[in-house]
Amino acid sequence: MSDTESRTWPTELVVRNPATGRVVAEVAAQSAEEVAAAVRDLRLHQHEWEVIGARGRKRWLLKFQDWLIDNNDHLADVLQSETGKPRVDALIDPSFAVDLLGYYARRAERFLADEHPAPHSPLARVKRLTTVYRPYPVIGVITPWNFPLAMPALDVIPALAAGAAVLLKPSEVTPLSALELARGWAEIGAPPVLTVVTGGPQVGAAVVDNVDFVQFTGSTATGRRIATACAERLLPYSMELGGKDPAIVLADADIDRAAYGIAFGALFNSGQVCISVERIYVEAPVYDKFLDKLTAHVRELRQGIDGRKPEHDLGAMANDAQQAIVTEHVQDAIAKGAKVLTGGQATGVGTFFEPTVLVEVDHSMLCMTEETFGPLLPVMRVADETEAIALANDSRYGLSASVWTGDRVRGERIARQLDAGAVNINDMFANLFNFALPMGGWGQSGVGARWGGADGVRKYCRAQAITTPILPTQQKEPLWFPYNTNKLVVALSAMRAAGAHGPRRLGVLDILNSARGRVADL
Ligand code: NAD
């Protein structure tokens, strides 16, 4: 039985504000047939979208950017209603999408331009070589709940810029912001190449069953299931999965900056960020000082429910299940000897969990090895950088990491020893806001990467090779039928001369003997 059939298929999603428990919307969930029909429809319009070229698409992408700017406050309202985020956090998503739209709208034409690589051999100079980037017709984008508008935008925008049509399946926990994106695309009158389908895992599986490329962001466990389904269809995919990002604080670091930066890196969005700081290793000489600063700072953070006025730093967890994982990680650590310096429990309101600093932690504890995705800061004392690097690399994840040091050369040297797709020195998240860099997880944190300049749109394309004769063509090429020994010797000698090295370039006699069926006289 397939994943699509194995569970009861809900026909409706109930969306709640997790901060208050209030129902904010009920949204229809699509059937498998509706998903297939949506893909058929996208296929009808994709060709037109491809042939208007990157310049034609730029017009629509910039119009969409205007729509996002004009609807900024409303989009933040919708996002807050389905996540319980503080106002400032809710405002980040639309601005992030605006920035990314500008980047790919303006650069896609250059990124997707035909290339004419130089032939590798003088023999091949009779052809003009062209690499053409042609989009996969329909990209399926499947996203999680932590950034309900930015997460879809991060992948939908470069896929549209590449000339593909996109079927977006947002998380069943937070479908409203993605529906707003589709509403905006329709409202500007753009070609109908972006469709949103809503529903749970079954709808996600139906997306995988119908599209030509899957871009997935979510948990490692779901990523594995989708990769298996893709393998059945020989479907290409790219995945951004879970993480357990380490922060290394060295004795020469600016301790104030490290404490403020790491608190933000661990607690932004209540720690529900794939690239959250999830474990902290501090060199012994500055361990006490760092802990004092960190704990004092965490204690002063404001947690609560915002309206349109920004009043809080931390909001709610996305749902009860996520709150339960954080509780389990804290209780497991305490049972194994850890101590809580501040926080440590759910607040009792909605799905809020207190920002929590844990010490006397080690790698026998879930909070140091499993993704928490919550407001936890487990801090471990280390003897030196060697121990810090070894512990940081002791993980099956490898999304990103940070190194805090007063010596940039030392920071870069350590970065090159960390097994992570990105390392930020004296900062966190910085790579995420630089679209020219790849954002990809190593190990069980992902397959492939998003962005990375031209790679960010080319990943949604198939590279097509075209050869065109430069010189007038003859009736027959030397190697065509019927075979002729003399022509063969000329052709193979030329290949040997071009490809071999040193005196072996001149192996005409060997070739002659082989061509005549004789072993060369060495
Ligand atoms: P999830 O894996 O439970 O769900 C993600 C999406 O996959 C949802 O839309 C869900 O409906 C869909 N889905 C579930 N089963 C499916 C199936 N069998 N086939 C197709 N689709 C299916 O993840 P989540 O709980 O929504 O999000 C949290 C996770 O996402 C965390 O592990 C976090 O680290 C990860 N994440 C990673 C990144 C990144 O860029 N690396 C970013 C954000 C979140």
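Conventions and cut-offs
Residues numbered from 1 in each chain as written. Predicted model: local features only at pLDDT ≥ 70, side-chain atom pairs only at ≥ 80, totals over all residues. Heavy atoms only, no water. Buried < 20%, exposed > 50% of the residue type's maximum accessible area, 1.4 Å probe, protein only. Helix = DSSP H or I, 4+ residues; strand = E, 2+ residues; numbered from the N terminus. Pairing = 2+ DSSP bridges. Expected span 1.5 Å × (residues − 1). Contact = heavy atoms within 4.5 Å. Axes fitted to C-alpha atoms, helices over the stretch in contact; angles between N-to-C directions. pLDDT = per-residue confidence, 0-100.

J.: Honestly, the pairing of strand E12 (residues 356-359) in this entry has me stumped. Any pointers?
T.: It is a general feature of regular strands that their side chains alternate between the two faces of the sheet. Side chains of E12 alternate between two faces, with Thr-356 and Leu-358 and Val-357 and Val-359 buried alike. Sheet analysis places strand E11 (residues 339-342) next to E12, joined by 3 bridges and oriented antiparallel. Bridge pairing in E12 links Thr-342 to Val-357. Relative to strand E13 (residues 376-382), E12 runs parallel, the two sharing 3 bridges. Bridged to Val-357 within E13 is Leu-377.

J.: Mind showing me how you'd approach helix H10 (residues 287-299) here?
T.: Residues spaced three or four apart along an α-helix face the same direction, because each turn holds 3.6 residues. For H10, spanning 13 residues, the distance from its first C-alpha to its last is 18 Å, which sits close to the expected 18 Å at 1.5 Å a residue. In this structure, the buried side of H10 is in contact with strand E9 (245-249), helix H9 (255-267), strand E10 (277-283), E11, E12 and E13.

J.: Teacher, can you tell me more about the sheet that holds strand E15 (residues 400-404) here?
T.: The sheet built from 7 strands is open, its strands ordered E11-E12-E13-E10-E9-E15-E16 with mixed pairing. Among the strands making up the open sheet, the edge pair consists of E11 and strand E16 (422-425). Direction aside, neighbouring strands of the sheet carry axes that sit 25° apart on average. Across the sheet, helix H13 (residues 385-392) is in contact with E9, E10 and E13; its angle to E10 comes to roughly 160°.

J.: When you look at the confidence of the model for the protein in this model, what are you seeing that I'm missing?
T.: Close inspection of predicted coordinates is inappropriate in any region flagged by low pLDDT. Of the residues in the protein, 98% reach a pLDDT of 70 or more, and the chain-wide mean stands at 95. Here residues 1-6 is a poorly scored stretch, pLDDT under 50, and it has 9 contacts once near neighbours within four places are set aside; other chains count.

J.: When you look at the sheet that holds strand E5 (residues 165-169) in this model, what are you seeing that I'm missing?
T.: Hydrogen bonds between backbone atoms are what pair the strands of a sheet, whose relative direction is either parallel or antiparallel. Taking strand neighbours across the sheet as the criterion, the 6 strands line up as E6-E5-E4-E7-E8-E19 in an open arrangement whose pairing is mixed. A strand with exactly one partner marks an edge of an open sheet, and here the two such strands are strand E6 (194-196) and strand E19 (446-447). As judged from the 2 bridges shared by strand E8 (residues 237-240) and E19, these two strands associate in the antiparallel manner. Bridge pairing in E19 links Met-239 to Val-447.

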